[in-house]
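A closer look at the structure
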Amino acid sequence: MINTSYTMAGVTSKNPVVMASGTFGFGKEYGAYYDLNRLGGISGKGLTLHPKEGNSGLRVYETPSGMLNSVGLENPGVAAFLQEECPRWEALDLARIVNLGGNTLQDYIEGARLIEEDAIARQRSGRPAVDMIELNISCPNVKAGGMAYGIKTEVAREVVREIRAVTTLPLIIKLSPNAEDLVSMAEMCEKEGADAISLVNTFSAMKIDIYKRRSVFNNLYAGLSGPAIKPIALRMVHQVCKAVEIPVIGMGGISSPEDIIEFIMAGAAVIQVGTYNFINIRAGIDLVDGVERFMQDQGIQSLDEIRGIL
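The text that follows walks through the structure, step by step, so that each part is easy to find. Everything quoted here is computed from the prediction, not taken from an experiment. (Residues numbered from 1 in each chain as written. Predicted model: local features only at pLDDT ≥ 70, side-chain atom pairs only at ≥ 80, totals over all residues. Heavy atoms only, no water.)

This part covers the overall build of the protein. Within the protein, the regular secondary structure consists of eight helices and 16 strands. Oriented by its inertia axes, the alpha-carbon framework of the protein measures out at about 55 × 50 × 40 Å. Sequence separation of at least 24 residues holds for 70% of the intrachain contacts in the protein that already meet a minimum separation of 6. Averaged over its 29 positive side-chain charges, the protein has a centre that lies 5 Å from the centre of its 36 negative ones. (Helix = DSSP H or I, 4+ residues; strand = E, 2+ residues; numbered from the N terminus. Contact = heavy atoms within 4.5 Å. Lys, Arg positive; Asp, Glu negative; His and termini not counted. Charge placed at Lys NZ, Arg CZ, Asp CG, Glu CD.)

What follows covers the sheet that holds strand E6 (residues 66-69). Pairing is antiparallel in the open sheet, where four strands are placed in the order E5-E6-E14-E11. Strands at the two margins of the open sheet, each flanked by one partner only, are strand E5 (60-63) and strand E11 (203-206). Shown here is a sheet whose adjacent strand axes are inclined to one another by a mean of 40°, direction ignored. (Pairing = 2+ DSSP bridges. Axes fitted to C-alpha atoms, helices over the stretch in contact; angles between N-to-C directions.)

Summarising the element assignment, Gly284 is placed in helix H8 (residues 283-298). Of the residues examined, Gly284 reaches a relative accessible area of 0% and is grouped as buried. Gly284 sits 222 residues away from Glu62 along the chain, and the two C-alpha atoms are 21 Å apart. Apart from the residues within four sequence positions on either side, Gly284 is in contact with Val17, Met19, Tyr34, Leu39 and Asn277. (Buried < 20%, exposed > 50% of the residue type's maximum accessible area, 1.4 Å probe, protein only.)

Either a parallel or an antiparallel arrangement is found when strands of a sheet pair, and the pairing is made through backbone hydrogen bonds. One closed barrel accounts for eight strands, arranged E3-E4-E7-E8-E9-E10-E15-E16; its pairing is parallel. Strand-to-strand twist of the sheet, defined as the mean angle between neighbouring strand axes without regard to direction, takes the value 25°. As paired strands, strand E9 (residues 171-174) and strand E10 (residues 196-199) are joined by three bridges and run parallel to one another. Of the residues in E10, the one forming a bridge with Ile173 is Ile197. Sitting on the sheet, helix H2 (residues 105-124) touches strand E7 (95-100) and strand E8 (132-136), and the angle it makes with E7 is about 155°.

Within the element layout of this structure, Gln83 appears in helix H1 (residues 78-89). Counting along the chain gives 35 residues from Gln83 to Asp118, while the straight-line C-alpha distance between them is 9.5 Å.

Here E11 shows one buried face, formed by Phe203 and Ala205, and one open face, formed by Ser204 and Met206. Bridge count for E11 against strand E14 (residues 221-225) is four bridges, and the pairing is antiparallel. The residue bridging Ser204 from the neighbouring strand is Gly223, located in E14.

What follows is about the side chain of Ser215. With respect to the element layout, Ser215 can be found in strand E13 (residues 214-215). A distance of 3.1 Å separates a polar atom in the side chain of Ser215 from the backbone nitrogen of Phe217. Of the polar contacts made by the side chain of Ser215, one reaches the backbone oxygen of Leu220; its length is 2.8 Å. Once you skip the residues sitting within four places of it in the chain, Ser215 turns out to touch Lys207, Ile208 and Leu220. (Polar contact = N/O pair within 3.5 Å; in protein donor to acceptor, adjacent residues only side chain to side chain.)

Among the structural elements, Cys241 can be located in helix H5 (residues 230-243). Once residues within four sequence positions are removed from consideration, Cys241 is found in contact with Val248, Ala266, Gly267 and Ala268.

In structure tokens:
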């Protein structure tokens, strides 16, 4: 029997296909098209302590082999998620990951505390709804002039350390490819108690409307994702996998079963799929089936046989 599962920090992903934050909502809409329980996991829409309306103006722009987005973390806030979405998450048989962001350290701490308290209460009643927290440190630090927490290692260290201290849930740190030293950032996360690392988030990029003579986005820059970034993301995942002992979740431009196998061979424990969800509404189930077909065709019984072979 083919084994596609992976267990990290006590949480099992039955296959390597996890839906990336910001591209899948909380799963409800996609659940109308296929059984979400076939997936390995879902990283929900990025949450902040308080609700956010997101950025004004154009939010998404298609580029050759990719997409620029300037959504701005529009979300209902942590409390609304716990009250409105968690009851539905309780019934899902997959890894359920909350993606948490914040503009101040206190926002991160308070958001993580609320998630922790809710998880403990649901666990006592036998109705767990959250398995892991994925900490998004690509958010702008308002007290540091808007520079993202995830750019400088020592700035990120404080966030990781403080969140590790307030939650017992397995903690994933989502890294930005725009960090000054991505490998050092990953090593710091491991030392500060992270259970896993996910990378990469979007690349900072730009598009100019040459007729209006301005950026197409009100915020000037936006995040680039999609197949265009995959070779760079794959290289970064490989480098981080070689530097840390904790599991690495790879992402960046994945749009085929073959892409997933590449990330697994580079050392990824599992992967996350983002932009491809906008291209193929059945991306999740198609990728799960595709990985299983590849393994059957190649005589691979377990992904452990090929994980990290480079």
